[in-house]
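Architecture at a glance
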Amino acid sequence: MSDMPRLILGSGSPRRRELLAQLGVSADDIRPPDIDEDPRKGELPRPYCVRLAREKALAIPADPEEVVLSADTTVALGRRILGKPEDEKEAAGFLTALSGRRHRVITAVAVRRGDKLWERDVVTQVKMKMLSNEELNAYLASGDWRGKAGGYAIQGPAGALIPWISGSFTAVVGLPLAETANLLQAAGYPLYKARS
């Protein structure tokens, strides 16, 4: 099938590549976008996350027939956006704030083909157990918090700190697969057809 559009993954995240592989898809090219990810003054977590996914999709150079997939994952504690911690001290602060509480993980996905854009966002409720000092220090020492929104990754050692989620597990990891599959198909990227 030569009319299969090329898929461009607008993310350098190895987790998103692994999740795409679960759909049987591997991107033809990976083009991480260079955009300013700072929240605007007073911006709430969900609109912020949706805006970033959209801005990433629009910032990635692509031919009109290429399908661009981008996403953003934001951890929200109330109205507060917990980004990627700058250092271990900030990671400790995030984890202490999340300890014993429910929070939301928002993942927004944007798919672009030419000048058309398809978007979805998924909100998952997540509960973190009350962390003992030992648990907190062991997790910080693992270094797994680096580069992770909210200072943790559910699919790593922090899985032991998360007794409960309500929503999409794959969205918490970084790409909600059911919704992403729908968006790709809407954009004309055939997921379930035989590839020759």
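For the structure given in this document, a descriptive report is provided here. Source: prediction; values computed, not measured.

**A closer look at the pairing of strand β5 (residues 102-113)**
- Judged by how many residues are buried, β5 sits mostly within the fold: ten of twelve residues are covered.
- Two elements, β5 and strand β6 (residues 116-127), share twelve bridges in a ladder whose sense is antiparallel. Within the sheet, the bridge partner assigned to R102 lies in β6 and is K127.
- Hairpin geometry of β5 and β6 is characterised by an intervening segment of two residues between the two adjacent antiparallel strands and by a positive phi of about 65 degrees at G114.

**Side note on the packing of aromatic side chains**
- Enumeration over the complete set of coordinates arrives at zero aromatic pairs.
- It is R102 that lies over the ring of W164; its NZ or CZ is 4.2 Å from the centre.

**Details of the pattern of salt bridges**
- By the definition in use, this model includes twelve salt bridges.
- Here E66 makes a salt bridge to R6, at a shortest N to O gap of 3.0 Å. In this pair, E66 is assigned in the loop between α2 (45-59) and β3 (67-77) and R6 in the segment before β1 (7-9), connecting sequence segments 60 residues apart.
- A residue is classified by how much of its surface remains accessible, and R6, at 37% relative accessible area, is partly exposed.
- As a salt-bridge pair, R40 and E55 come within 3.4 Å of each other at their nearest N and O atoms.

**Observations concerning the packing of helix α3 (residues 88-98) against helix α4 (residues 133-142)**
- At their nearest, the axes of α3 and α4 sit 11 Å apart, and the two run at 140 degrees to each other. The pairing of α3 with α4 is recorded here as oblique in orientation. Like other packed secondary-structure pairs, α3 and α4 cross with a definite hand, here right-handed. Residues E88, A91, A92, L95 and T96 of α3 form the contact with α4, whose participating residues are L136, Y139 and L140.
- Among the residues making up the contact of α3 with α4, the classes are represented as six nonpolar, one polar and one charged.

**Here's the deal with the nonpolar core**
- Ranked by internal contacts, the top residues of the largest apolar core, which has 45 residues, are L20, V111 and Y152.
- In terms of residues, this core owes the most to one element, α3, which gives six residues.
- Beyond its immediate sequence surroundings of up to four residues, L20 is in contact with L7, L9, V25, L69, L175 and L184.
- Membership of the second largest hydrophobic core comes to eight residues, among which are V50, A53, A76 and A108.

**Regarding the layout of surface pockets**
- Put simply, the largest pocket is a space of about 700 Å³.
- If you go around the largest pocket, you meet 37 residues; those closest to its centre are D72, T73, K84, G147 and A149.
- When contributions to the lining of the largest pocket are tallied by element, the ones reaching two or more residues are α1 (14-22), α2, β3, β4 (80-82), α3 and α5 (169-173).
- A total of five residues in the lining of the largest pocket trace back to one element, the largest contributor, which is β3.
- When grouped by side-chain class, the residues that make up the lining of the largest pocket number 17 nonpolar, ten polar and ten charged.

**Here we look at α2**
- For α2, spanning 15 residues, the distance from its first C-alpha to its last is 21 Å, which sits close to the expected 21 Å at 1.5 Å a residue.
- At its buried positions, α2 is contacted by β3, β4, β5 and β6.

Definitions and limits used
- Residue indices follow the written sequence of each chain, beginning from 1 at its first position.
- Local features in this predicted model are restricted to residues whose pLDDT is 70 or higher, and side-chain atom pairs enter the listing and the counts only when it is 80 or higher, whereas totals over whole chains, interfaces and linings include all residues.
- As a rule here, side-chain values cover all heavy atoms of the structure and leave hydrogens and water aside.
- Each residue gets one of three labels from its accessible area relative to the maximum for its type: buried under 20%, exposed over 50%, partly exposed in between, using a 1.4 Å probe on protein chains only.
- Helix and strand assignments come from DSSP, with helices taken as H or I runs of at least 4 residues and strands as E runs of at least 2, each series counted from the N terminus.
- Being paired, for any two strands, means DSSP has found at least two bridges between them.
- Pairing of aromatic rings covers Phe, Tyr and Trp, the last counted by its six-membered ring, and requires centre-to-centre distances within 6.5 Å; plane angles under 30 degrees mean stacked, over 60 mean edge-to-face, and any other angle means tilted.
- Only Lys NZ and Arg CZ are tested; either one counts as a charge over a ring when it is within 6 Å of the ring centre and within 35 degrees of the ring normal.
- Within this document, salt bridges are pairs made up of a side-chain nitrogen of Lys or Arg and a carboxyl oxygen of Asp or Glu, the two lying within 4 Å of each other.
- Note on definitions: angles span 0 to 180 degrees between N-to-C directions of axes, and those axes are lines fitted to C-alpha atoms, for helices only across the stretch in contact.
- Roughly parallel refers to an angle under 35 degrees, roughly antiparallel to one over 145, roughly perpendicular to one between 65 and 115, and oblique to any angle outside these ranges.
- Take the far helix as the reference: if the near one is turned anticlockwise from it by less than a right angle, the crossing is left-handed, and if turned clockwise, right-handed.
- Whether two residues are in contact is decided by their heavy atoms, any of which lying within 4.5 Å being enough.
- Polar here means any residue outside two lists: the nonpolar Ala, Val, Leu, Ile, Met, Phe, Trp, Tyr, Cys and Pro, and the charged Asp, Glu, Lys and Arg; Gly therefore counts as polar.
- Take the buried Ala, Val, Leu, Ile, Met, Phe, Trp, Tyr and Cys residues and link them wherever side-chain atoms come within 4.5 Å; each set so joined is a nonpolar core.
- For cavity detection a 1 Å grid was placed over the protein atoms alone, and a set of points counts as a cavity when a 1.4 Å probe fits there but cannot get out; an open set counts as a pocket when protein lies on both sides within 12 Å along at least five of seven lines, with lining residues being those that have an atom within 4 Å of a point.
- Grid points are joined across faces, edges and corners, and a volume is the space filled by probe spheres set on the points.
- Helices are assigned an expected span. That span is 1.5 Å times one less than the residue count.

Geometry only, nothing functional implied.
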